[in-house]
Structures are given as C-alpha cells and as structure tokens.
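Report on the structure
One letter stands for each residue in the lines below.
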Amino acid sequence: MTSLLLSFLLTAVFWSDRGPVESLDLAGGPGGAAKAPKPPFTFVSEDKGGTAPKVNVRDSAGGQWIVKFGEEVKAENFASRIVWAAGYFADATYFVPSGKIEGVGELGRAKEFVRDGNFTNARFEL
C-alpha cells in the first residue's frame, strides 16, 4: 500500500463534532441554505429505479437534483438533519413543499405526484 493511500485511509472521517447544536442551520442542513434548489426547475428524466417515484431535474443554478415523492419525504428530510447535527455524514437534501417543473413529458410512477408540471411535498437531493 502506498503511503498516500495509507494516509488517506487513516484520515477518513466517519463522525465529526459539529459544535453546539444551537449554532447549526437545521433548516439548511448539510448543504446549507445557499445550496438549496432554485426554481425554475427543468425536467430531465424520470428515474425508474427504487420503490419511490422520482424524477431528475435541473434548477436555475444548473444543479442536478433527484426529486422524490411520497409519504416518507418529510420524515426522511427531518431524519437527515438529525443525523447530520449528531455529527454523521448526510446527503444534502431539501424539502420543497410545492413548485413547478417545466418540460415534463409522459410520466410513469411519478404522474400521481406531478400534474401539469406542478408538484407538492418533494425531497430534492443533489
């Protein structure tokens, strides 16, 4: 094993102290408010993998997002904030209560959640 690889493995971080919880941006989470998805959203494709309906979109800042719909998106977003605040790694996710996706074509599983491009209760993940 090279010394560079060994050094990397020895410094890999599973947990880090985030400091006092009252100083954390729990609304913005690990990505912070600055990295939140910015409308308008443009449809890229429907993600047919997994068990929950999802679509891929691009936001006005050029970010590529996986947008998930369903009952669990609020709880999933909340849980990611708790895990992150406790010092563990968490993906940058955001709950978006409503919005519009431009250029949506024929949808499969996601058609129940996206009507005429309009959606409610979605989790956006970078």
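Shown above is the structure to which this text applies.
Residues numbered from 1 in each chain as written. Predicted model: local features only at pLDDT ≥ 70, side-chain atom pairs only at ≥ 80, totals over all residues. Heavy atoms only, no water.

Turning to the environment of Asp25, a few remarks are in order. In this structure, Asp25 sits in the loop between α1 (3-11) and β1 (41-47). Along the sequence, Asp25 and Arg81 sit 56 residues apart, while their C-alpha atoms lie 9.2 Å from each other. If we skip the residues at most four places from it in the chain, Asp25 touches Gly32, Ala33 and Trp84. (Helix = DSSP H or I, 4+ residues; strand = E, 2+ residues; numbered from the N terminus. Contact = heavy atoms within 4.5 Å.)

Attention shifts here to the nonpolar core. Generally speaking, nonpolar side chains in soluble globular proteins are found buried as a group. Judged by nonpolar contacts, the single largest core of 17 residues is most densely connected at Val55, Val57, Val67, Phe69, Ile101, Phe119 and Phe124. Within the residue set of this core, elements represented by two or more residues are β1, β2 (54-58), β3 (64-69), β4 (93-102) and β6 (118-125). Residues contacting Phe119, with those up to four places away along its chain left out, are Phe41, Phe69, Val96, Pro97, Ser98, Gly99, Lys100, Ile101, Phe113, Val114 and Phe124. (Core = buried A, V, L, I, M, F, W, Y, C linked by side-chain atoms within 4.5 Å. Buried < 20%, exposed > 50% of the residue type's maximum accessible area, 1.4 Å probe, protein only.)

What follows concerns the pattern of salt bridges. Counted under the stated rule, the structure contains 4 salt bridges. For the salt bridge of Glu125 with Arg123, the shortest nitrogen-to-oxygen distance reads 3.2 Å. Taken individually, Glu125 and Arg123 each receive the classification buried, so the pair is uniform in this respect. Bridged by salt links that share partners, the residues Lys68, Glu72, Glu76, Arg123 and Glu125 form one connected network. (Salt bridge = Lys/Arg side-chain N within 4 Å of Asp/Glu carboxyl O.)

Excluding glycine, most residues fall at negative phi; most peptide bonds, likewise, are trans. Residues Pro39 and Pro40 are joined by a peptide bond in cis, for which omega reads 5°. On the secondary structure map, Pro40 appears in the loop between α1 and β1. Despite not being glycine, Asp116 shows a phi value in the positive range, around 55°. One can find Asp116 in the loop between β5 (114-115) and β6. On the basis of relative accessible area, Asp116 is assigned to the exposed category, the value being 71%.

Once that is clear, we can look at the packing of aromatic side chains. Counted by the stated rule, this structure contains 7 aromatic pairs. Here Phe69 and Phe113 contribute two aromatic rings whose centre-to-centre distance is 5.7 Å and whose plane-to-plane angle is 5°, an arrangement assigned as stacked. Of this pair, Phe69 sits in strand β3 while Phe113 sits in the loop between β4 and β5; the two residues are 44 residues apart in sequence, bridging distant segments of the chain. A residue is classified by how much of its surface remains accessible, and Phe69, at 0% relative accessible area, is buried. Across the ring face of Tyr94, the terminal group of Arg81 is positioned such that the distance to the ring centre comes to 5.7 Å. (Phe/Tyr/Trp six-rings, centres within 6.5 Å; stacked < 30°, edge-to-face > 60°. Lys NZ or Arg CZ within 6 Å of the ring centre and 35° of its normal.)

The residue Glu125 is located in strand β6 in this model. One polar contact links Glu125 to Arg123, side chain to side chain, over a distance of 3.2 Å. Those residues in contact with Glu125 that lie beyond four places of it in its chain are Gln64, Trp65, Ile66, Asp91, Ala92 and Thr93. (Polar contact = N/O pair within 3.5 Å; in protein donor to acceptor, adjacent residues only side chain to side chain.)

A few words on the environment of Leu107. When you line up the elements, Leu107 lands in the loop between β4 and β5. A relative accessible area of 8% means that Leu107 is categorised as buried. Along the sequence, Leu107 and Val55 sit 52 residues apart, while their C-alpha atoms lie 9.0 Å from each other.

Turning to the side chain of Lys54, a few remarks are in order. By secondary structure assignment, the location of Lys54 is in strand β2. Here Lys54 sits buried without a salt bridge, and the closest side chain of opposite charge, Asp47, lies 4.6 Å off (N-O distance). A polar side-chain atom of Lys54 sits 2.9 Å from the main-chain carbonyl oxygen of Gly49. Apart from residues no more than four positions distant in its own chain, Lys54 is found in contact with Glu46, Asp47, Gly49, Ile66, Val67 and Lys68. (Lys, Arg positive; Asp, Glu negative; His and termini not counted.)

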